[in-house]
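# Results of the structural survey
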Amino acid sequence: MTTTPERTARRAFVLELHEGDRTMAGLLGGKGAGLAEMSRLGLPVPPGFIVTTEACRAWLSGAGEPEGLWDQIEAAMLDLEHRSGLRFGDPSAPLLVSVRSGARFSMPGMMETVLDVGMTDAVAATLVARGEARFAWDSYRRLVQMYGRTVLGINGSLFDAQLTELRRATGAATDAELDAAALERLTAGFRRILVEHTGGDLPQDPRDQLRRAVIAVFASWNGERARLYRAHEGIPDDLGTAVNVVQMVFGNRGEHSGSGVCFTRDPVSGAPGVFGDYLPDAQGEDVVSGSRSPMDLSELGRRDPALHEELSTHLRTLEQHYRDLCDVEFTVERGRLWILQTRLGKRSPAAAFRIAVELVDEGVIDLDEALTRVDGTQLQTLLHPTFTTVEGLTPLAHGLAASPGAAYGQLVFDAATAMEWTALGRAVVLARPETSPDDFGGLLAARAVITSRGGLTSHAAVVARGLGRTCVTGVEGLLVDPVARVATLPGGVTLPEGTVVSVDGTAGEVYAGQRDIEPSAVSTAISQGTGRGTETSDRTVRAVLTLLAHADLRGHLGVMANADTPEEARMAKRFGAEGIGLCRTEHMLLGERRVLVERLVTDENRAGALAEIEALALTEFTSLLETMEGLPVVVRLLDPPMHEFLPDLVELSVTAAVAAERGTLDVMLERRLATTRRWHESNPMLGLRGVRLLTVLPQIIDAQVRALAEATLALRARGLDVRPELMVPLVADVAELTAARERMEGILADVARAHGTTLHLPIGVMVELPRAALTAAALAEHADFFSFGTNDLTQTSWGMSRDDAEANFLAAYREAGIIATDPFKTIDEAGVGALVAMAARDGRQARPGLGLGACGEHAGDPASIGFFARTGVDYLSCSPPRVPVVRLEAGRQAVLLAGTRSTSDTR
Ligand code: PEP
Ligand code: MG
């Protein structure tokens, strides 16, 4: 039946099921659109109509009941009476309806529903007279209970308490065992609650019940849990809910009736075949509430094969039609099957991959579509080892799930012990109040890291994610005392050094003792290069490999890794990285080696210190380049502020003061203190960093460039195809870049000359300061490539230090609704993203063919990759464990982008 424009205009607030379809979720809500679509497909959906979101929005605007709404509902009720052959409020042929919420986006259990609307004393009496007393009173008490709670706002626990008391008094184990007389008493008791709390009874005019139920469902859009849910899920507040008014069908009409919830495939494993629960003699709410244990659908198949077959046929129809996993609610009323609801089924990450690929195998969708059915976040969860499930285990402490995975070990409280114990073959968990670059060795050595302070992008979190270490930050109430070597939990439980704990980085929890761990089969398969897309026994593994291979075919973005050591480089390669996009050279000079920098600045045997730095760099660059033979390795000049290489000023001042007091202060200590003081900065992150070192301590940079040139030439002399590139950090002005470039090219030429050859390496610039982005055209004249350092670009655009913001106020910002997402995790497209896009455009205009990459944390964030793909960067560089995630997302984004382009082309 077609809908004329006049009819739609006249009835904008109400649509009958056959007037809608699946594309109308905005107006009809997801549930309404699903009902309409099923009704079009000829599935057995009870007749009904939908009060649209438009009506809800009109009501929410505060103007009262929208004009004409009730007339339209009345007309639709007449239609419904006609279709059902029953009449609303007529005891001889009573029509009862359900009044259910249903917004555009699924908000499960967040809004209200009133069932059995239309039940009155007269209707109940007729049903009793017809011998359906139990059914009559069960339906009636449900209406009074839901009406009381939802329409009148009475505390639901008052009803629950009466029900519990009645079960106790009658010895009924479940509601299903309550007989008609008990349910009649319960109905009367529930009605007394209404009178006591509102002064009025349940209206006996069914139209009055309906009108007030519809308004109560509208109002539930702004209920507290609905608002909280929307804020959490990012659902706009102004959409409103539709209200589905549908003829009641009853699963509580004896043993040939019942209700069930099912999926067209297993939503946990993705295995084919219908999957679900069925509860005889029950309404849908009884299945969901879990008050009685339902039976498996296969059991229903044994009891009633014909019914099971009919249900399976409808499920097949729905899956074929929606071309995806569907979730279905159904009711059987005296042997007759009714489908009450369908929607796309929520699924586990493993099931998402398996279902997508098996739908391809079955010829339902193609690989491009399958790729859009999964995402990088789901893959990320499949890459980490997990604890085997143990029921009833309670964690010792909770914190933030900073880096996923599962690990156990003995607690240690400083980096040195972590390294020492690991060297002895022990598994350790490093616990710190927070971590600093000094703890790097400990982070590397430990299986897991926990900190009492810090957020999801604190130093510990970022480094742990980069290394693929399990990490929980911000552990509530944990006190770590590295001096006394003990940690204390809020309840006073103490954990001395050596205590074994298990850390669940995926859930953000810490457990006592050692829990069993299962390695990730997906991660093993990817890193062993089992051959992309080959047959393996594990369906999920096969699905991931298939989609990853397809993503590689589709993706335009290169995927590189941020790796500093040969070990990280190997991991990156195993995961499919096409090179190293960022080698942070500072790790070569931290830990014990930082005294070399101190010697350099104190002028104490400067030449010796420089020679050592160069020798170290030569060894490290050689093994890194060798590991990555045939692939690019972007080496960044030393970047972090000087204070990270020098002693702590406060500690040193105290030591000196104590020594002076005791008369033991010597010239060495005095000199050390003076140097530390001279180099001390109030805001080191905005101080002597990156390219700025070139004017103050150029020797250190010379040593790095010379070492890279020597390593390259020596390896090339051995016939190896090594491809190093140089990158200059923290440039704000083109003059800094030209000075750095001139100096580096001079050194490359000198070294090459000494070897009797020439050497030209690509030289790029990091765009990580707003001024660099603003002057991108000038920088591009002197750079072979840009790499967007979005960590610093975010810090400097927002004027926030990441660690301070995370520790002190970012969570409060999120709670107050000032920011929706953490800009240090997911790219802030409006601000930082605008700078990136502008620099990319200006840079490419000034120098066509300019290489563009991104290497901040955002380059490995699944939610940011779409932005980079749209901006036209050539490659993303992320931590090695994230390489498969970025490969997948890059392919997915390419398919999505091609989709939007082809849709806009046809407009
Ligand atoms: C950046 O700033 O984004 C970057 C990659 O450099 P780092 O994180 O080392 O400062
Ligand atoms: Mg940086």
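The structure presented is a predicted model; accordingly, all values stated were derived computationally and were not measured.

Along its length, the protein chain carries 37 helices and 33 strands. For the protein chain, the C-alpha atoms occupy an extent of roughly 105 × 70 × 55 Å along the three principal directions. Counting only residues that meet the buried cut, the protein chain has 54% of its 907 residues in that class. Contacts in the protein chain between residues far apart in sequence, at least 24 positions, make up 66% of those at least 6 positions apart. About 37,600 Å² of surface is accessible on the protein chain, with carbon and sulfur atoms providing 52% of the total. Mean positive and mean negative side-chain charge positions of the protein chain (89 and 119 charges, respectively) differ by 2 Å.

In the contact formed by helix 6 (residues 133–151) and helix 7 (residues 156–170), the axes pass within 8 Å of each other and the chain directions differ by 150°. With respect to helix 7, the axis of helix 6 lies roughly antiparallel. Every residue of helix 7 that contacts helix 6 at R141, V144, Q145, G148 and R149 is listed here: G156, F159, D160 and L163. Of the residues assigned to the contact of helix 6 with helix 7, the class counts are three nonpolar, three polar and three charged.

Between any two of four tetrahedral donors, the ideal angle at the metal is 109.5 degrees; between two of six octahedral donors, it is 90 or 180 degrees. The protein atoms that coordinate the magnesium ion (ligand 2) are E768 (OE) and D792 (OD), at distances of 2.0 to 2.1 Å. With a gap of 24 residues between them, E768 in the loop between strand 30 (763–767) and helix 30 (770–774) and D792 in helix 32 (residues 790–798) connect regions that are remote in the sequence. For the pair shown, E768 and D792 are each scored as buried.

For the rest of this paragraph, the subject is a nonpolar patch on the surface. A cluster of nonpolar side chains, V650, V654 and V658, forms an exposed patch at the surface whose accessible area comes to about 240 Å². By the secondary structure assignment, V658 is in helix 25 (residues 649–662). Residue classification places V658 among the partly exposed positions, given a relative accessible area of 34%.

Within the secondary structure, P482 is located in the loop between strand 20 (479–481) and strand 21 (486–488). The sequence separation of P482 and D414 amounts to 68 residues, and the corresponding C-alpha distance is 6.5 Å.

It is worth spelling out the pattern of salt bridges at this point. Counted by the stated rule, this structure contains 56 salt bridges. One salt bridge in this structure joins R168 and E165, with 2.8 Å as the shortest N-O distance. Taken as a pair, R168 and E165 lie in helix 7 at a separation of three residues, close to a single helical turn. By relative accessible area, R168 is classed as exposed at 59%. Between E598 and R672 there is a salt bridge, with its nearest N and O atoms 2.5 Å apart.

Moving on to the pairing of strand 23 (residues 500–504). Summarising burial for strand 23: four of the five residues are buried, a large majority. Sheet topology note: the strand 16 (residues 406–412)/strand 23 ladder contains five bridges and is antiparallel. The residue bridging Q410 from the neighbouring strand is V500, located in strand 23. Pairing of strand 23 with strand 24 (residues 509–512), which is carried by four bridges, proceeds in the antiparallel orientation. By the bridge assignment for strand 24, V501 is matched with A512.

The next thing to look at is the sheet that holds strand 22 (residues 494–496). Strand order in the open sheet made by the three strands is 20-21-22, with antiparallel pairing throughout. On the outer flanks of this sheet lie strand 20 and strand 22, each paired with one strand and no other. The average undirected angle you get between the axes of adjacent strands in this sheet is 15°. Pairing of strand 21 with strand 22, which is carried by three bridges, proceeds in the antiparallel orientation. Looking at strand 22, one finds that A487 is bridged to L495.

If you check the shell around ligand 1, you find 13 residues, and the closest are R584, E768, G789, N791 and D792. A distance of 3.0 Å separates an oxygen atom of ligand 1 from a polar atom in the side chain of R636. Here D792 contributes a backbone N or O atom positioned 2.9 Å from an oxygen atom of ligand 1. Starting from 290 Å² of accessible surface for ligand 1 in isolation, the protein chains cover 91%.

The next thing to look at is the UniProt feature "domain: PEP-utilising enzyme C-terminal" (unreviewed entry) in the protein chain. The UniProt record annotates "domain: PEP-utilising enzyme C-terminal" (unreviewed entry) at residues 547–890. Helix makes up 53% of residues 547–890 and strand makes up 11%, while its end C-alpha atoms are separated by 12 Å.

For the rest of this paragraph, the subject is the sheet that holds strand 1 (residues 14–16). Consider a sheet: its strands pair through backbone hydrogen bonds, and that pairing is either parallel or antiparallel. Ordered in space as 1-2-7-5-6, the five strands form an open sheet in which the pairing is antiparallel. Of all the strands in the sheet, the pair left with one neighbour each is strand 1 and strand 6 (113–117). Ignoring strand direction, the axes of neighbouring strands in this sheet form an average angle of 20°. When strand 5 (residues 97–103) meets strand 6, the two strands line up antiparallel, connected through three bridges. Across the sheet, residue V97 finds its bridge partner in strand 6, namely V117.

So, about the nonpolar core. Of all hydrophobic cores here, the largest spans 126 residues; its most connected members are M642, F786 and F788. In terms of residues, this core owes the most to one element, helix 28 (residues 698–717), which gives ten residues. Not counting the four nearest positions on each side in its chain, F786 is found in contact with V765, V767, A776, L779, A780, A839, G843, L850, G851, L852, G853 and Y875. If you look at the next biggest cluster of nonpolar residues, it comprises 57 residues, including V14, M77, F159 and M248.

Thresholds applied
- Residues numbered from 1 in each chain as written.
- Chains lettered and ligands numbered in written order.
- Predicted model: local features only at pLDDT ≥ 70, side-chain atom pairs only at ≥ 80, totals over all residues.
- Heavy atoms only, no water.
- Helix = DSSP H or I, 4+ residues; strand = E, 2+ residues; numbered from the N terminus.
- Buried < 20%, exposed > 50% of the residue type's maximum accessible area, 1.4 Å probe, protein only.
- Contact = heavy atoms within 4.5 Å.
- Areas by Shrake-Rupley, 256 points an atom, 1.4 Å probe, with all protein chains shown as cover.
- Lys, Arg positive; Asp, Glu negative; His and termini not counted.
- Charge placed at Lys NZ, Arg CZ, Asp CG, Glu CD.
- Axes fitted to C-alpha atoms, helices over the stretch in contact; angles between N-to-C directions.
- Parallel < 35°, antiparallel > 145°, perpendicular 65-115°, else oblique.
- Nonpolar A, V, L, I, M, F, W, Y, C, P; charged D, E, K, R; others polar.
- Donors = N, O, S within 2.8 Å, 3.2 Å for Na, K, Ca; no water.
- Patch = residues over 30% accessible without salt bridge, like charges linked within 9 Å, V, L, I, M, F, W, Y side chains within 5 Å.
- Salt bridge = Lys/Arg side-chain N within 4 Å of Asp/Glu carboxyl O.
- Pairing = 2+ DSSP bridges.
- Near = heavy atom within 4 Å.
- Polar contact = N/O pair within 3.5 Å; in protein donor to acceptor, adjacent residues only side chain to side chain.
- UniProt positions renumbered as here; feature names shortened; annotations may be inferred.
- Core = buried A, V, L, I, M, F, W, Y, C linked by side-chain atoms within 4.5 Å.

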